[in-house]
Amino acid sequence: QVQLVESGGGLVQAGGSLRVSCAASGDNICIGAMDWYRQAPGQARELVAAITSGGSTVYGNSVKGRFTISQDIAKNTVFLEMNSLEPEDTAVYYCHAFSCTMEYQYWGQGTQITVSS
């Protein structure tokens, strides 16, 4: 019943910045953690960044120092600020979330981010 909707993807030049968001909605929604994953063609899906309801964060090694994850708890929304983008960052970015009890997981539909050189 919980749905995740990503927005803000698109085309950006190398060295540029982009901010994407993901909003969770549903009746009696309670989110314990939200994450961003990405997947390029022919590659495995990898963790980009994660944040818990308490504000703890973790970043994938390839984006640490360049990307920042944040959240608006009241709006059940997570943001990903991407700086110093590289062509290697090109992928479909997926929003992911856990319920408060960690019993359920949810995935967004994905948003394409393309970085041109």
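Everything that follows concerns the structure shown earlier in this document.
Overview of the structure. (Residues numbered from 1 in each chain as written. Predicted model: local features only at pLDDT ≥ 70, side-chain atom pairs only at ≥ 80, totals over all residues. Heavy atoms only, no water.)

Re the overall build of the protein chain
Phase 1 of the analysis: Along the protein chain, the regular secondary structure elements total zero helices and eleven strands.
Phase 2 of the analysis: Listing each helix as α and each strand as β along the protein chain from the N terminus yields β-β-β-β-β-β-β-β-β-β-β.
Phase 3 of the analysis: Over its C-alpha atoms the protein chain spans a radius of gyration of 14 Å, differing by no more than 12% from the 13 Å that the globule rule assigns to 117 residues.
Phase 4 of the analysis: Dimensions of the protein chain, computed from C-alpha atoms along their principal axes, come out at roughly 45 × 25 × 25 Å.
Phase 5 of the analysis: Put simply, the protein chain has 117 residues, and 41% of those count as buried.
Phase 6 of the analysis: Across the protein chain, contacts joining residues at least 24 apart in sequence account for 51% of those joining residues at least 6 apart.
Phase 7 of the analysis: Of the roughly 6200 Å² of accessible surface on the protein chain, a fraction of 48% belongs to carbon and sulfur atoms.
Phase 8 of the analysis: For the protein chain, the centre of its 6 positive side-chain charges and the centre of its 10 negative side-chain charges are spaced 5 Å apart. (Helix = DSSP H or I, 4+ residues; strand = E, 2+ residues; numbered from the N terminus. Rg over C-alpha atoms; globule rule 2.2 N^0.38 Å. Buried < 20%, exposed > 50% of the residue type's maximum accessible area, 1.4 Å probe, protein only. Contact = heavy atoms within 4.5 Å. Areas by Shrake-Rupley, 256 points an atom, 1.4 Å probe, with all protein chains shown as cover. Lys, Arg positive; Asp, Glu negative; His and termini not counted. Charge placed at Lys NZ, Arg CZ, Asp CG, Glu CD.)

Observations concerning the nonpolar core
Phase 1 of the analysis: Leu4, Met34, Trp36, Leu80, Met82 and Tyr93 are the most contacted members of the largest nonpolar core, which has 28 residues in total.
Phase 2 of the analysis: Secondary structure elements with two or more residues in this core: strand S3 (18-25), strand S4 (31-39), strand S5 (46-52), strand S7 (67-72), strand S8 (77-82), strand S9 (91-99) and strand S11 (111-116). (Core = buried A, V, L, I, M, F, W, Y, C linked by side-chain atoms within 4.5 Å.)

Re the side chain of His96
Phase 1 of the analysis: Among the structural elements, His96 can be located in strand S9.
Phase 2 of the analysis: Within the structure, the side chain of His96 is placed 2.6 Å from the side chain of Asp35, a separation counted as a polar contact.
Phase 3 of the analysis: At 2.8 Å, the side chain of His96 forms a polar contact with the side chain of Gln105.
Phase 4 of the analysis: Non-local contacts of His96, meaning those with residues more than four positions away in its chain, are made with Leu4, Ala33, Met34, Asp35, Tyr37, Gln105, Tyr106 and Trp107. (Polar contact = N/O pair within 3.5 Å; in protein donor to acceptor, adjacent residues only side chain to side chain.)

Considerations on the pairing of S3
Phase 1 of the analysis: As paired elements, strand S1 (residues 3-7) and S3 share five bridges and run antiparallel to each other. Along S3, the bridge assignment pairs Glu6 with Cys22.
Phase 2 of the analysis: Pairing between S3 and S8: six bridges, direction antiparallel. Paired with Cys22 across the strands is Val78, a residue of S8. (Pairing = 2+ DSSP bridges.)

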